[in-house]
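Below, each chain spelled out in residue letters.
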Amino acid sequence: MRRLPLPLPLLLAGLGLGLGREAEPGGPSGAQCLEHDCFGVFWSALPFAEAGAECQRGGGHLMTVRSTVAEDAIALLLQNRSGNLWLGLRLGLPCTEPTQRLRGFQWVTGDRSTDYSNWAPSGRQCGEFCVTVSKELRWEERPCEASADGFLCEYNYWGSCPRLPTADGLPVTYTTPFGASGGDFLALPPGSSAVIAALGLELHCEEDGESWRLRWGRPELGPWSCRLDNGGCDGACEEDSGQARCSCPEGKVLSSDGRGCRSPCAGAPCQHHCVVAGSTFLCMCEAGYSLAADGSSCEDDDDCAVVPSVCEQVCVNTEGGFECHCHQGYTMVDGDCQALPMSRCYKTPCEQQCEEVPDGYRCSCYPGYAVDPQVPTSCVLHCNRSQCPAKCDPYTLACECPEGFVLDSADNRQVCVDFDECDTNFCQHNCTNYPGGYECHCPPGYRLIDQNDCVEILGEDGEGAYSGDFGPGPQLPIPSRTPPKAEHLHPGALAGITVGVLSAALVLLALTYHLARRCCRAPATMDYKCNCPHEKEMGLQPVSS
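Rules and cut-offs
- Residues numbered from 1 in each chain as written.
- Predicted model: local features only at pLDDT ≥ 70, side-chain atom pairs only at ≥ 80, totals over all residues.
- Heavy atoms only, no water.
- Helix = DSSP H or I, 4+ residues; strand = E, 2+ residues; numbered from the N terminus.
- Buried < 20%, exposed > 50% of the residue type's maximum accessible area, 1.4 Å probe, protein only.
- Contact = heavy atoms within 4.5 Å.
- Areas by Shrake-Rupley, 256 points an atom, 1.4 Å probe, with all protein chains shown as cover.
- Salt bridge = Lys/Arg side-chain N within 4 Å of Asp/Glu carboxyl O.
- Core = buried A, V, L, I, M, F, W, Y, C linked by side-chain atoms within 4.5 Å.
- Domains from an automatic or database assignment.
- Disulfide = S-S within 2.5 Å.
- Pairing = 2+ DSSP bridges.
- Patch = residues over 30% accessible without salt bridge, like charges linked within 9 Å, V, L, I, M, F, W, Y side chains within 5 Å.
- Phe/Tyr/Trp six-rings, centres within 6.5 Å; stacked < 30°, edge-to-face > 60°.
- UniProt positions renumbered as here; feature names shortened; annotations may be inferred.
- Axes fitted to C-alpha atoms, helices over the stretch in contact; angles between N-to-C directions.

Undergrad: Before we move on, can you summarise the overall build of the protein with the specific residues and values?
TA: The helix and strand inventory of the protein stands at four helices and 41 strands. When burial is assessed residue by residue, the protein has 31% of its 545 residues classed as buried. Of all intrachain contacts in the protein linking residues separated by at least 6 positions in sequence, the fraction that spans at least 24 positions is 42%. Here the protein displays about 33800 Å² of accessible surface, and carbon together with sulfur accounts for 54% of that area.

Below is the structure:
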């Protein structure tokens, strides 16, 4: 509750004081009220906790002093009486902090906001401390369990009733909900009562059920004496033979309590609009509706039933209006139906969707599908991620996946997971996997054939990477399976391969030696030349003399 400081004379003009009377049992010794707040002083020696409980019993709490306005209110309540009174400040830290504005204390409302403080000089103290205020308006720290001379309570309200104006100086005694009583209040909180003994009348500050504002009233209907607050009439108050009567100005009618004035349309049962007509009202409807037989409800007009029709081709009635549509083969252009040109997609062989393009049509597919590159009018399952939901038949529960994907289960649902072809060594050299397929790459000096293999690229002289005494042989593909890279082999595996190669070389050497012995016989055979079986033999024949 932050308030701007006000000069003391202005504060006095806005305060109602309930002073100079004996306190009601359990009520404050003095009280004053502003528009939304009331303050009361209680001269009862109690500890801090018990004083706070007494304030709560009346619907309030120990007083917060956040501005000079509240300080001036305390000065008026004390009336120069000496003593220390509890305020709504309690230490929220183990020890006080003299450098802070509230010295580590906090208000009983749970916050520390303030624009004002007035501490008496004091050093740092530790323990359970609360705050009192003296006649000099100085704040002093005091143990909470000690008793002060009294306490100050604060009560907050959402509004107030003004004091009752009287014509003949009739005395009025007011009583507040927290027990304060007196005749000098200028503002009274909700729930307060006013007793006018001379008229035998008791009024209450209460909320008007029709205007939702606070005003003085009573349970009985009709006005009271016009001598007091115009009899409670919003309009004119007239008395005839001691009987008071309220009247309202033109365009207003009396409220149900017989005192207030309201518009005839207030509480009217009109569904759409209400119009004041003298002292009564008329209901009206918005465009597209007609007033029903009950005089308050509105019924929708069927605009499509109007002759001639409001639409060129098709009329659809809506709530409060209508919509015009065109027949198939027509389109709406500026409110008119115009024939569409023959669509190029009409009776096309597209399996799923067709799009108009300037030079014809183009087939397209639903989400999750792609145009078949082999058959552009057909669609095939497509997934551009490593995992996609499987396409399953809800009746047979059979599922299918795009090419290059395998069916799998994840979180109790069927999914298609990309199959990594690079793990199968399809490619002779480098391999790049992508969703649904793969791509092979060749090293420099080679080119790709049949998607997986690499062949050597020949130069202009017909020679490739190999040169020597022999011409280049036929270009054969390099085997598509390459041995693992040496740096990836275990040392034991490398030793095994070395032993295997040496063994094969020894076997090949022995076989060559064996074939050479069979091919080349001893000189006694009289062979002219030692040749292998596939060559011609030139043996010498004997000649007779």
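Past the structure itself, the notes keep going.
Undergrad: Provide a residue-level description of the pattern of salt bridges, including the pertinent values.
TA: Taken as a whole and judged by the stated rule, the model has 11 salt bridges. With its nearest N and O atoms 3.1 Å apart, the salt bridge here joins Arg 103 to Glu 141. Highlighted residues: Arg 103 in the loop between strand 5 (85–91) and strand 6 (105–107) and Glu 141 in strand 8 (residues 139–143), separated in sequence by 38 residues. Each member of the pair, Arg 103 as well as Glu 141, is classed as buried. Residues Arg 259 and Asp 257 are paired through a salt bridge, measuring 3.9 Å at the closest nitrogen-oxygen approach. Take Asp 257: its relative accessible area is 16%, and that puts it in the buried class.

Undergrad: Go over the nonpolar core, please, and point to the residues and values.
TA: Ranked by size, the top nonpolar core spans 34 residues in total, and within it Trp 86, Phe 151, Leu 164, Tyr 174, Ile 196, Leu 203 and Trp 216 carry the most contacts. Broken down by secondary-structure element, the contributors of at least two residues to this core are strand 2 (30–33), strand 3 (37–42), helix 2 (48–57), strand 9 (150–156), strand 14 (193–196), strand 15 (201–207) and strand 16 (214–217). Both domains that furnish three or more residues to this core are identified here as domain 1 (30–156) and domain 2 (173–262). In terms of nonpolar packing, the next biggest core, distinct from the first, is built from 27 residues, Leu 34, Trp 43, Trp 119 and Leu 152 among them.

Undergrad: I'd like to hear about the state of the cysteines, residue by residue, with values.
TA: For the structure on display, the rule yields 22 disulfides. Across a sulfur-sulfur distance of 2.1 Å, Cys 161 and Cys 205 are joined as a disulfide pair. Handedness here is read from the sign of the S-S torsion; for Cys 161 and Cys 205, about 85°, the answer is right-handed. A residue pair is termed long-range when its members are at least 10 positions apart, and Cys 161 in strand 10 (residues 161–162) and Cys 205 in strand 15 qualify at 44 residues. The exposure classification of Cys 161 matches that of Cys 205, with both residues buried. Across the disulfide from Cys 304 sits Cys 315; the S-S distance is 1.9 Å. On the sign convention where negative is left-handed, the bridge of Cys 304 and Cys 315, at about -80° about the S-S bond, is left-handed.

Undergrad: I'd like a description of the sheet that holds strand 16, backed by residues and values.
TA: What the five strands build is an open sheet, ordered 12-11-14-15-16; its pairing is antiparallel. With one partner strand each, in any of the chains shown, strand 12 (181–182) and strand 16 form the two edges of the open sheet. Pairing analysis gives four bridges linking strand 14 to strand 15, with the strands arranged antiparallel. Pairing of Val 195 across the sheet is with Glu 202, part of strand 15.

Undergrad: Mind laying out a nonpolar patch on the surface, listing which residues take part and the relevant values?
TA: On the surface, Val 275, Leu 282 and Met 284 cluster together to form a nonpolar patch covering roughly 260 Å² of accessible area. With respect to the element layout, Leu 282 can be found in strand 22 (residues 280–284).

Undergrad: Tell me what's going on with the packing of aromatic side chains, and back it up with residues and numbers.
TA: On inspection of all chains with the given rule, the structure shows nine aromatic pairs. On the numbers, 6.2 Å between centres and 80° between planes, the contact of Trp 107 with Trp 139 is edge-to-face. On the criterion of sequence distance, the pair formed by Trp 107 in strand 6 and Trp 139 in strand 8 is long-range, its members being 32 residues apart. Exposure remark for Trp 107: the relative accessible area of 1% places this residue in the buried category.

Undergrad: Explain the pairing of strand 15 residue by residue, including any values.
TA: Counted along the chain from strand 14 to the antiparallel partner strand 15, the turn is four residues long, and its residue Gly 200 has a positive phi close to 60°. Sheet analysis places strand 15 next to strand 16, joined by four bridges and oriented antiparallel. Bridge pairing in strand 16 links Cys 205 to Trp 216.

Undergrad: Outline unusual backbone geometry, supporting the account with residue identities and numerical values.
TA: Positioned with a positive phi, Leu 137 is a non-glycine residue whose angle comes to about 70°. By the secondary structure assignment, Leu 137 is in the loop between strand 7 (129–133) and strand 8. Although it is not a glycine, Leu 397 sits at a positive phi angle of roughly 65°. By the element assignment, Leu 397 lies in the loop between strand 34 (391–392) and strand 35 (399–400). Taking the relative accessible area as the measure of exposure, Leu 397 reaches 66% and is therefore exposed.

Undergrad: Lay out the UniProt feature "domain: EGF-like" (unreviewed entry) in the protein with the relevant residues and their values.
TA: In this numbering, the UniProt entry assigns the feature "domain: EGF-like" (unreviewed entry) to residues 300–338 and 418–455. Within the segment residues 300–338, helix and strand shares are 0% and 46% respectively, and the terminal C-alpha atoms sit 30 Å apart. In this annotation, residues 418–455 is assigned 0% helix and 47% strand; the end-to-end C-alpha distance for the span is 29 Å.

Undergrad: Tell me about helix 3 (residues 68–78), and name the residues and values.
TA: For helix 3, the tally of buried residues reaches nine of 11 residues, placing the bulk of the element in the interior. Considered for burial, the residues of helix 3 that qualify are Val 69, Ala 70, Glu 71, Asp 72, Ala 73, Ile 74, Leu 76, Leu 77 and Leu 78. Taken from the residues just after helix 3, Gln 79 is the one with a positive phi, measuring 50°.

Undergrad: Mind laying out the sheet that holds strand 37 (residues 413–418), listing which residues take part and the relevant values?
TA: With antiparallel pairing, the three strands of this open sheet are ordered in space as 33-37-36. Bordering the open sheet on either side are strand 33 (387–389) and strand 36 (405–410), each of which pairs with just one other strand. The average undirected angle you get between the axes of adjacent strands in this sheet is 35°. By the bridge criterion, six bridges tie strand 36 to strand 37 in an arrangement that is antiparallel. Paired with Ala 410 across the two strands is Arg 413, which belongs to strand 37.

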